[in-house]
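As a plain string of letters, each chain reads:
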Amino acid sequence: MNRGLRSWAPPFLLVLPSLVVVGVFVYGMIAINVNTSLTDRRGRGPATQYVGFDVYRELFADDTFIYSLQNLLIYTVVFIVGTLLIGFMWAWLLERGVWGEGFFRAVYLFPMAVSFIASGVVWRWLLNNAQGDRASGLNRLFEVVGLDFLQNSWWTHPRFGIAAIALPAIWQLAGYVMALFLAGFRGIPRELHEAARIDGASEWQLYRHVLFPQLRPIALSAIIIVGHMSLKVFDLIMAIAGQTNHTTQVPATQMWIEFTRGDYAKSAAIGTILLLVVAVLIVPYLVSTYRQERNR
Amino acid sequence: MATKRRVLGTALAVGALAVTAGCGGDDGGGSDGGDGGDGAAGGEVEVFTWWADGSEKAGLDALVKVFQEEHPDFEFVNGAVAGGAGSDAKNVLASRLQTNDPPDTFQAHAGAELSDYIADGQVEDLSGMYEEEGWTEAFPESLLDRLTVDGKIYSVPSNIHRANVVWANPAVLEEAGIDPSATYDSLDAWIADLEKLDAAGKIPLSVAMDWTQVHLLETVLLADLGAEAYNGLWDGSTDWSSAEVTDALNDYATLLEFTNEDRQSLDWPDATQLVIDGEAGFNVMGDWAVAAFEEQDKVFGTDFTTFPVPGTDGVFDFLADSFTLPVGAPNPDGTKAWLSTVAGPEGQAAFNAAKGSIPANTEADTADFGEYQQTAIESYANDEIVSSLAHGAAAPISWLTDITAAVGKFGSDGDVASFQEGLVAAAEKNAG
């Protein structure tokens, strides 16, 4: 009894503070948030009663909210596909032994050191949608190099404007995905390459049957990391398009608008929905990692 | 127990301040935290604003100078929260009011924007102070009407701005064959000239992001509906789904076609700059824009001219900043001292000369105000006064938010019918 206590008590005491802090400030807050979303707290005053899922029903009947969910989907797809493709390509090139690897690694990784807000200020100018005489940023560049047909309305496009916001996000995160894949490539023992070659595998077969399977966990981690960042996108949009711009509306910016006007129930409901959306992505990942670790 | 809650509240509020404002809240928030903990009425007056730079900061500084001369016993504590055109400040303020840690006084747009605070019982009735200080005489009747809610007044205005002003560049107009001194009776007459500017390859009408589009919409509604029906939009006597409103929205759609396509990327100073630089002919903006022209040594009458938005001549589309006495303010005597400086003729003259607005107090000395400001003072004294939508005077924040969303959506899809539906829905949701 005493020995049992002595063996688990010190470690328990060590983790206790973080358990309490996480319990209160993460799970406690989530509970309060969900609770708020079920009340009629639609103004600065306190709630008077529970209204169940009324606010959620209202949200899903709201065209703008549906539009912002669609925006989030487009953004996430463009962002994930973009970072994975570019990140993988860079990692592959570096792995193949491009000259000046250290230099390029730093160049590709550097954007990650910049905050979304700071890069957003620059990209706001780069993605200016004025064309012709008043064009600036990328539209200007296209004009100067004679690619006028590439000039476009960027983030003010009514349907795919949100995809333009994904460009700076890809620019920032592709380097990180590259680092992940590069580490993945480097982690594959040389013997496997050689063994495959000796067995007569072609270059494609080497990748298809030896390297890609080894990179799968890396790709999954990259998708999770990039994906959950994508679902939380807020600062980049605030910096580039501002909070009220319709074409770049996503749930997070809508949550901010509702919060600012004092509609606490609605902003809490949007927050809860965002949490569920993130959970859809994260939970299967956690389950699969847990299974892998148990099988080991 | 009560002290403990206050300390906790202060800590939370300071935390929120630090998070939202970053380093911006250092001087004000930090010293306030110390004071709030002591709980002693040491004569400090925390004034909460979003006037953190530019002409707004200059105005606040001028006001503080007068305050310290008039009330040397009290110490001014700057509780300004910068950023987001006041939306960051409003969020910080909301959290402070919720944790029962109000500042001694906070800035809010006069009029409907205060209705949320009044409904929640967060601001004190100042009617008694108006009687005592004789402000009912000093402020014009029409302004007092707009401040009165159910027979009570909850705030003290520091200044008056005019929203329905067109800023024009005479050189650009002449180049396009337009008489710069022309006046317009209606929007249609104006649109004819916008076409000429368009043909001359200039931006006829510059505009910026969503709130400036709401500002433009408001002046178009005012022009087409007239002052009375415009006022009716806010009290329910004008039907948002009526044909008159449809006509106004069509005019707005026409005007929007004459604007710069990169409007969403610009804020109001950028749109005004297009007129200053001669790239655009006209811009509709409130009269704080005069500071932008004057800072760049532009001369009123030669380098820029102004006139009321066509169709709104004789109407003064007003907005005002004002200060309140929050319920539970730590130092109500200090607040009253601050309010008396804000309302007094010296405070109003100093503040408005620096900020570019005009005094709400008719006793303030305006002899050395700028040339544009003189025209505004004259209009304010003679014109019919209506409340601005885009600046919180006409409708509560929640309604304005819904209208802004509808305007933003229209800016991207250009569908007048669904635009009107959105506005009708916003009215139904918020007026009820």
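Residues numbered from 1 in each chain as written. Chains lettered and ligands numbered in written order. Predicted model: local features only at pLDDT ≥ 70, side-chain atom pairs only at ≥ 80, totals over all residues. Heavy atoms only, no water.

Per an unreviewed UniProt entry, chain B goes by the name Carbohydrate ABC transporter substrate-binding protein (CUT1 family) and belongs to Ornithinicoccus hortensis. In its Sequence similarities (unreviewed entry) section, the UniProt record describing chain B reads: "Belongs to the bacterial solute-binding protein 1 family." (UniProt positions renumbered as here; feature names shortened; annotations may be inferred.)

By the naming in an unreviewed UniProt entry, chain A goes by Carbohydrate ABC transporter membrane protein 1 (CUT1 family) and is assigned to Ornithinicoccus hortensis. Its UniProt record gives chain A a comment under Sequence similarities (unreviewed entry), which states: "Belongs to the binding-protein-dependent transport system permease family." Per UniProt, chain A has the following entry under Subcellular location (unreviewed entry): "Cell membrane".

Engineer: In this structure, what is going on with the UniProt feature "transmembrane region" (unreviewed entry) in chain A? I would like to understand it.
Structural biologist: Residues and elements named next belong to chain A. Under the local residue numbering, the UniProt record ascribes the feature "transmembrane region" (unreviewed entry) to residues 12–32, 72–94, 106–126, 160–183, 218–241 and 268–287. When the span residues 12–32 is considered, its composition is 100% helix and 0% strand, and the gap between its end C-alpha atoms is 27 Å. Between the C-alpha atoms that bound residues 218–241 the distance is 33 Å, and the span itself is 83% helix and 0% strand. (Helix = DSSP H or I, 4+ residues; strand = E, 2+ residues; numbered from the N terminus.)

Engineer: What is the right way to look at the interface of chain A and chain B in this model?
Structural biologist: One frequent convention defines the size of an interface as the accessible area lost when the parts assemble. Contact residues are listed per partner, giving 24 residues for chain A and 26 residues for chain B. Both faces combined, the contact of chain A with chain B buries some 2400 Å², and carbon together with sulfur accounts for 46% of it. The largest per-residue losses of area from chain A upon contact with chain B belong to A:Arg44, A:Arg134 and A:Arg261, which jointly make up 33% of the total buried on that side. A salt bridge links A:Arg134 to B:Asp262; the nearest nitrogen and oxygen atoms lie 3.2 Å apart. Here chain A is connected to chain B by 12 residue pairs in polar contact (both at pLDDT 80 or more). In terms of residues, the side of chain A that touches chain B owes the most to one element, helix H11 (residues 251–260) of chain A, which gives 4 residues. (Contact = heavy atoms within 4.5 Å. Buried area = accessible area lost by both parts, 1.4 Å probe. Salt bridge = Lys/Arg side-chain N within 4 Å of Asp/Glu carboxyl O. Polar contact = N/O pair within 3.5 Å; in protein donor to acceptor, adjacent residues only side chain to side chain.)

Engineer: How should I be thinking about the UniProt feature "domain: ABC transmembrane type-1" (unreviewed entry) in chain A in this particular structure?
Structural biologist: Per the UniProt record, "domain: ABC transmembrane type-1" (unreviewed entry) is annotated on residues 69–287 of chain A. Counting secondary structure, residues 69–287 of chain A comes out at 73% helix and 0% strand; the distance between its end C-alpha atoms is 26 Å.

Engineer: Explain the pattern of salt bridges here, please?
Structural biologist: Should their charged atoms come close, side chains of opposite charge can pair. Summed over all chains, the structure comprises 25 salt bridges over all chains. Between A:Glu95 and A:Arg186 there is a salt bridge, with its nearest N and O atoms 3.3 Å apart. With A:Glu95 in helix H3 (residues 63–95) and A:Arg186 in helix H7 (residues 161–187), this residue pair connects regions lying 91 residues apart in the sequence. By relative accessible area, which is 42% here, A:Arg186 ends up partly exposed. The salt bridge involving B:Glu279 is made with A:Arg134; its shortest N-O contact spans 3.1 Å. One end of the pair, B:Glu279, is in the loop between helix H13 (268–276) and strand E10 (280–284); the other, A:Arg134, is in the loop between helix H5 (116–126) and helix H6 (137–144), on a second chain. For A:Arg134, a relative accessible area of 25% gives the class partly exposed. Residues participating in the shared-partner salt-bridge network are A:Arg42, A:Glu58, A:Glu258, A:Arg261, A:Asp263, A:Lys266, B:Asp402 and B:Lys429. (Buried < 20%, exposed > 50% of the residue type's maximum accessible area, 1.4 Å probe, protein only.)

Engineer: Is there a simple way to explain the sheet that holds strand E12 (residues 315–319) of chain B in this structure?
Structural biologist: Pairing between sheet strands relies on hydrogen bonds along the backbone, with the strands arranged either parallel or antiparallel. All names here are of chain B. Strand order in the open sheet formed by 3 strands is E7-E12-E14, with mixed pairing between adjacent strands. Two strands lie at the open edges of the sheet, namely strand E7 (161–162) and strand E14 (384–387), each paired on one side alone. Each of E12 and E14 touches helix H11 (residues 210–235); the most contacted strand, E14, lies at about 110° to it. (Pairing = 2+ DSSP bridges. Axes fitted to C-alpha atoms, helices over the stretch in contact; angles between N-to-C directions.)

Engineer: Explain the side chain of B:Gln213 to me, please; I cannot follow it from the model alone.
Structural biologist: Positionally, B:Gln213 belongs in helix H11. Ignoring sequence-local partners within four residues, the contact set of B:Gln213 consists of B:Val207, B:Ala208, B:Tyr252, B:Arg263, B:Gln264 and B:Val407.

Engineer: Looking at this structure, how should I read a negative patch on the surface?
Structural biologist: Residues and elements named next belong to chain B. On the surface, Glu131, Glu132, Glu133, Glu137, Glu141, Asp145 and Glu363 cluster together to form a negatively charged patch. The leading source of residues in the negative patch is helix H6 (residues 127–133), at 3 residues. Within the fold, glutamate 132 resides in helix H6. A residue is classified by how much of its surface remains accessible, and glutamate 132, at 67% relative accessible area, is exposed. (Patch = residues over 30% accessible without salt bridge, like charges linked within 9 Å, V, L, I, M, F, W, Y side chains within 5 Å. Areas by Shrake-Rupley, 256 points an atom, 1.4 Å probe, with all protein chains shown as cover. Lys, Arg positive; Asp, Glu negative; His and termini not counted. Charge placed at Lys NZ, Arg CZ, Asp CG, Glu CD.)

Engineer: Just to check I follow, could you spell out the packing of H3(A) against H7(A) for this structure?
Structural biologist: Packed helices, taken two at a time, are described by the angle between their axes plus the distance between the axes. All names here are of chain A. At their nearest, the axes of H3 and H7 sit 6 Å apart, and the two run at 40° to each other. Judged by the inter-axis angle, H3 sits oblique to H7. Handedness of the crossing formed by H3 with H7: right-handed. Per-class residue counts for the contact of H3 with H7 are 24 nonpolar, 5 polar and 2 charged. (Parallel < 35°, antiparallel > 145°, perpendicular 65-115°, else oblique. Left-handed = near helix turned anticlockwise from the far one by under 90°. Nonpolar A, V, L, I, M, F, W, Y, C, P; charged D, E, K, R; others polar.)

Engineer: For this particular structure, what's the right way to read the side chain of B:Thr272?
Structural biologist: All names here are of chain B. Locating threonine 272 in the fold gives a position in helix H13. You can call threonine 272 buried: its relative accessible area is 0%. When sequence neighbours within four positions are dropped, the list of residues in contact with threonine 272 reads Asn283, Met285, Ala289, Ala292 and Phe293.

Engineer: Looking at this structure, how should I read the packing of helix H1 (residues 2–37) of chain A against helix H12 (residues 264–295) of chain A?
Structural biologist: Residues and elements named next belong to chain A. Relative orientation of the contacting elements H1 and H12 amounts to 125°, with a least axis distance of 7 Å. In terms of axis orientation, H1 runs oblique to H12. Judged by the sense of rotation from one axis to the other, the crossing of H1 with H12 is left-handed. Listed contacts from H12 to Ile30, Asn33, Val34, Thr36 and Ser37 of H1 are Tyr264, Ala265, Ala268, Ala269, Gly271, Thr272 and Leu275. Within the contact of H1 with H12, the residues separate by chemical class into 7 nonpolar, 5 polar and no charged.

Engineer: Looking at this structure, how should I read the pairing of E10(B)?
Structural biologist: Regular strands place side chains that alternate from one sheet face to the opposite one. Residues and elements named next belong to chain B. Among the 5 residues that make up E10, 5 are buried, leaving the element largely enclosed by the rest of the structure. By the bridge criterion, 3 bridges tie strand E8 (residues 165–168) to E10 in an arrangement that is antiparallel. Its bridge partner being in E10, alanine 168 is matched across the sheet by phenylalanine 282. As paired elements, strand E9 (residues 203–206) and E10 share 3 bridges and run parallel to each other. Residue pairing across strands places isoleucine 203 opposite alanine 280, the latter belonging to E10.

Engineer: Looking at this structure, I do not really get the confidence of the model for chain A. What am I missing?
Structural biologist: Note: predicted coordinates in regions of low pLDDT should not be interpreted at a detailed level. Averaged over every residue, the pLDDT of chain A is 90; residues scoring 70 or more account for 99%. Put simply, helix H4 (residues 101–109) of chain A is where chain A has its lowest mean pLDDT, 85, and helix H2 (residues 54–60) of chain A is where it has its highest, 95. (pLDDT = per-residue confidence, 0-100.)

Engineer: Is there a simple way to think about the domain arrangement of chain B in this case?
Structural biologist: All names here are of chain B. Taken domain by domain, chain B comprises domain 1 (18–159 + 322–370) and domain 2 (162–318 + 386–430). Across the contact, 11 residues belong to domain 1 and 14 residues belong to domain 2. Across the interface of domain 1 and domain 2, roughly 1100 Å² is buried in total on both sides, 60% from carbon and sulfur atoms. If you sort the residues of domain 1 by the area they bury against domain 2, Ala112, Glu113 and Arg146 come out on top, with a joint share of 39%. The interface formed by domain 1 and domain 2 includes 0 salt bridges. Sorting the residues of the side of domain 1 that touches domain 2 by element identifies helix H5 (115–119) and helix H8 (141–147) as the ones contributing at least two each. When the residues that make up the side of domain 1 that touches domain 2 are grouped by side-chain class, the tally is 4 nonpolar, 4 polar and 3 charged. (Domains from an automatic or database assignment.)

Engineer: Which parts of the structure should I look at to understand the packing of aromatic side chains?
Structural biologist: Any two aromatic rings considered together are summarised by their centre-to-centre distance and by the angle between their planes. Per the counting criterion, the structure on display carries 42 aromatic pairs over all chains. Note on B:Phe323 and B:Trp338: the rings are 5.6 Å apart at their centroids and 85° apart in plane angle, and the pair reads as edge-to-face. Here B:Phe323 is found in strand E13 (residues 321–324), whereas its partner B:Trp338 is found in helix H15 (residues 332–343), with 15 residues between them in sequence. Taken together through their ring pairs, the aromatic side chains of A:Phe88, A:Phe181, A:Phe185, A:Trp204, A:Tyr207 and A:Phe212 make up a single cluster. (Phe/Tyr/Trp six-rings, centres within 6.5 Å; stacked < 30°, edge-to-face > 60°.)

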